[in-house]
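Okay, here's what each chain looks like letter by letter:
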Amino acid sequence: MTETEKHILKEVAALDALPVGAYNIRSNGKSAARNTTANIDIVTKEDVSGIDIVIKPGTKNQSVHIPVIISESGLKEVVYNDFFIGDDCDVTIIAGCGISNCGGQDSRHDGVHSFHVGKNSRVRYVEKHYGEGTGTGKRLMNPTTVVDLDKGAYMIMETAQIAGVDDTLRETNATLADDAMLEIHDKILTDGDQHATARMTVDMNGKDSSCDLISRGVAKGDSYQEVMLAINGKNACHGHAECDSIIMDNGIILATPALKAECVDASLIHEAAIGKIAGEQLYKLMTLGLDEKQAEEMIVRGFLR
Amino acid sequence: MLELKNVTYAVGDKVILNDINLKTDDRFVAITGPNGSGKSTLVKIIMGLITPTTGQILFNGEDITHLSINERADKGISFAFQQPVRFKGLRVSDLLKLAYHGEKNIVDACEILREVGLEPKEYRDRELNDTLSGGEMKRIEIAMAAARGSALTLFDEPEAGIDLWSFHSLIRIFENLYAKTAGSIIIISHQERILNIADKIIYLKNGTVEAFGPKDDVLSYIANAEQKGVQQA
Ligand SMILES: Nc1ncnc2c1ncn2[C@@H]1O[C@H](COP(=O)(O)OP(=O)(O)OP(=O)(O)O)[C@@H](O)[C@H]1O
Ligand SMILES: [Mg+2]
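These numbers come from a predicted model, not from an experiment.

Cut-offs and rules
Residues numbered from 1 in each chain as written. Chains lettered and ligands numbered in written order. Predicted model: local features only at pLDDT ≥ 70, side-chain atom pairs only at ≥ 80, totals over all residues. Heavy atoms only, no water. Helix = DSSP H or I, 4+ residues; strand = E, 2+ residues; numbered from the N terminus. Rg over C-alpha atoms; globule rule 2.2 N^0.38 Å. Buried < 20%, exposed > 50% of the residue type's maximum accessible area, 1.4 Å probe, protein only. Contact = heavy atoms within 4.5 Å. Areas by Shrake-Rupley, 256 points an atom, 1.4 Å probe, with all protein chains shown as cover. Buried area = accessible area lost by both parts, 1.4 Å probe. Salt bridge = Lys/Arg side-chain N within 4 Å of Asp/Glu carboxyl O. Polar contact = N/O pair within 3.5 Å; in protein donor to acceptor, adjacent residues only side chain to side chain. Pairing = 2+ DSSP bridges. Axes fitted to C-alpha atoms, helices over the stretch in contact; angles between N-to-C directions. Donors = N, O, S within 2.8 Å, 3.2 Å for Na, K, Ca; no water. Parallel < 35°, antiparallel > 145°, perpendicular 65-115°, else oblique. Nonpolar A, V, L, I, M, F, W, Y, C, P; charged D, E, K, R; others polar. Phe/Tyr/Trp six-rings, centres within 6.5 Å; stacked < 30°, edge-to-face > 60°. Core = buried A, V, L, I, M, F, W, Y, C linked by side-chain atoms within 4.5 Å.

Before going further, it helps to examine the overall build of chain B. Broken down by element type, chain B carries 9 helices and 10 strands. A compact globule built from 233 residues would reach a C-alpha radius of gyration of about 17 Å, and chain B, at 18 Å, matches this within 12%. Referenced to the eigenvectors of the C-alpha coordinate spread, the extents of chain B come out at roughly 55 × 40 × 35 Å. For chain B, the proportion of its 233 residues judged to be buried stands at 53%. For chain B, the proportion of contacts with a sequence separation of at least 24, taken over those separated by at least 6, is 64%. Total accessible area on chain B stands at roughly 10600 Å², and carbon and sulfur atoms take up 44% of it.

A common way to report how large an interface is uses the accessible area buried once the components associate. Tallying the contact residues gives 24 residues for chain B and 18 residues for chain A. Summing both partners gives a buried area of about 2000 Å² for chain B against chain A, and 64% of it is carried by carbon and sulfur. It is N70(B), K88(B) and L98(B) that lose the most area in chain B upon contact with chain A, and together they represent 29% of the buried surface on that side. Of the charged contacts, one joins E141(B) and K284(A) as a salt bridge, the two residues approaching to 2.6 Å between their closest N and O atoms. Our count for the chain B to chain A interface comes out at 8 residue pairs in polar contact (both at pLDDT 80 or more).

Moving on: the sheet that holds strand 18 (residues 237-247) of chain A. Residues and elements named next belong to chain A. What the 10 strands build is an open sheet, ordered 2-1-5-7-9-12-14-16-18-20; its pairing is mixed. Single-partner strands in this sheet number two, and they are strand 2 (30-35) and strand 20 (266-275). Going from strand to strand, the sheet's axes swing by 5° on average, the running direction of each strand aside. Judged from the 10 bridges that link them, strand 5 (residues 60-70) and strand 7 (residues 90-100) form a sheet pairing that is parallel.

Note: α-helices contain 3.6 residues per turn, so residues at a spacing of three or four share the same orientation. For helix 2 (residues 279-287) of chain A, the complete set of buried residues consists of Q281(A), L282(A), K284(A), L285(A), M286(A) and T287(A). Where helix 2 of chain A is buried, its residues meet helix 3 (292-303) of chain A together with helix 1 (39-47), helix 2 (69-75), strand 6 (77-80), helix 3 (92-99) and helix 6 (134-148) of chain B. A positive phi of about 105° marks G289(A), the residue just after helix 2 of chain A.

All right, on to the coordination of the magnesium ion (ligand 2) then. Around a metal, the idealised angle for a tetrahedral arrangement of four donor atoms is 109.5 degrees; for an octahedral arrangement of six donor atoms it is 90 or 180 degrees. Summarising the metal site, the magnesium ion (ligand 2) is bound by the protein donors S40(B) (OG) and Q82(B) (OE1), whose distances to it range over 2.0 to 2.3 Å. Here Q82(B) lies in the loop between strand 6 and helix 3 and S40(B) lies in helix 1, a separation of 42 residues in the sequence.

What follows concerns the side chain of Q281(A). The topology assignment puts Q281(A) in helix 2. In terms of polar contacts, Q281(A) uses its side chain to reach the backbone carbonyl oxygen of R86(B), at 2.8 Å. Dropping the residues within four chain positions of it, Q281(A) is found in contact with I299(A), V85(B), R86(B) and F87(B).

Attention now moves to the packing of helix 3 of chain B against helix 6 of chain B. All names here are of chain B. Put simply, helix 3 and helix 6 touch, their axes get as near as 8 Å, and they point 25° apart. Looking at the two axes, helix 3 sits roughly parallel to helix 6. The residues of helix 6 that touch helix 3, namely those facing V92, L95, L96, L98 and A99, are I140, A143, M144, A147 and R148. Looking at the contact of helix 3 with helix 6 residue by residue, the classes come out as 9 nonpolar, no polar and 1 charged.

For the coordinates displayed, the defined rule picks out 7 aromatic pairs over all chains. Measuring from ring centre to ring centre gives 4.4 Å for F83(A) and F115(A), while their planes differ by 10°; the resulting arrangement is stacked. Highlighted residues: F83(A) in strand 6 (residues 76-85) and F115(A) in strand 8 (residues 107-117), separated in sequence by 32 residues. With respect to burial, F83(A) and F115(A) carry one shared label: buried. Ring geometry for F115(A) and Y125(A): centres 4.8 Å apart, planes at 70°, overall edge-to-face. In this pair, F115(A) sits in strand 8 while Y125(A) sits in strand 9 (residues 122-132), placing the two residues 10 residues apart along the sequence. Judged on exposure class, the residue F115(A) and its partner Y125(A) are both buried. An aromatic cluster is built from F28(B), F155(B), F174(B) and Y178(B), whose rings are joined through pairwise contacts.

Residue and element names in this part refer to chain A. Taking burial as the measure, the 11 residues of strand 7 include 9 buried ones, the bulk of the element. In this structure, strand 7 lies alongside strand 9, joined through 11 bridges in parallel fashion. Residue pairing in the sheet places G98 in a bridge with Y130 of strand 9.

If you look at the biggest cluster of nonpolar residues, it comprises 85 residues, and the most contacted ones within it are L285(A), L95(B), L96(B), L113(B), L154(B) and F155(B). When residues of this core are assigned to their parent elements, the largest contribution, 8 residues, is made by helix 6 of chain B. Apart from the residues within four sequence positions on either side, F155(B) is in contact with A80(B), I142(B), A145(B), F174(B), L177(B), I185(B), I186(B), I187(B) and I188(B). Counting 41 residues, the second largest nonpolar core, distinct from the first, contains I53(A), I55(A), M204(A) and I231(A).

Okay, here's the thing in structure tokens:
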């Protein structure tokens, strides 16, 4: 692995070396390293680019890492990863994509992740998007995530895009069966002339299903952010969506709540707030010795932690 | 060490502070006076949160009127707000570490929470968001100011909203802070028990210093003024 690749691996998956457990590292369009375990199989797809990750029922306390690295300027790919998670599992999946583009051509990764989560399983999904490089070529990512939670399944998604991605469209569509629960924590920071759009739609089909969608955004420079959080309550369910943004410089933020109830026992809440950093917050940190710029940075870092 | 010369602050045609002249290097100075008399405005001017319309602020002989908040912090002034500020995502330990100039690790920096009656282990990882109660925020605010150990520390109504916490603990914090810094502590308060520990008291009314002097003199001045007020009514 080159130094650039190692560095990206650390940024997107916090990895210094090969991870324990199952993994598939994709680098510049090819599988660079793979490990399977007794319970977790990884199979290359034949019809399209991508892999199937198959996790046996009852698999507990195991993890799968599937980082993607792009360091060739001009590489464009669409990758399909399907996760088949059996009943009664408890697993962690670390995904993430890093693009280093030092060339003049746009590099782009479109990942389509589908999760089929079995009954009473728990899944923690962590995904980080990162871009770097000095080239004029853009770094583009368009992740699509499809989540299907069976009865009593629980999934928490922690997704973040903190630096260096020029343009992104993130689509998340989830369907929840009875007693299923979905939690999403999405964080995004845009700067310069970056654009980011996130659209999440949750269909609460099951009785007593619940979801909690939390989006935090910071738009700096001349960047543009759009967040749409949609919950469709089709049964007795609890849905909560919260969209909280800090606007700086000439940033633009569009937050759109969309709640639809089709059942009298659906209880749905949406909160959205956009505002600049409060003067009092800056003052407090300045009394503790930070200058205005440092105070701003600390507030943003905390907000996106 | 602290001197205010002809400090006036007006917003539009409303005069909030009117020609304040003060000079102090005492250990404990209390500022008291009716609601809206300008007490918080005065300490915000000293810390640099507000720039006076006219006048000068001198600290250790240096004119600091045009210094920023953090430049004043570096010179040795700190300030516990009347209304503590909340931060989404920042933890108690983040700010305490900062208060100690980054010189202590998280665990050591949080030990000071004990002094304000909070168990460090329970609070250090808490976010300073609206899950902390008003009284908890207030105690953490006091702990941060104490942690900084500045030559001049300003406390804006430190006792407000922390009813159940013993008054003695608060006095002990002031004493510990003084033992550490041998500096000055200025406390805004309406509480007689706090006024009683002061060396000097500033009595503010309608944006002017009505009385400034040794505790006993000012306390009897206030008592007399109130007496007159009652007689006139
Ligand atoms: N920016 C402003 N614009 C208009 N009026 C202001 C402004 N800031 C403060 N004031 C007014 O100045 C006066 C003094 O306010 P300040 O907060 O200093 O009072 P205080 O003595 O600390 O009162 P309290 O005991 O209630 O804390 C008040 O009447 C307040 O309404
Ligand atoms: Mg006040």
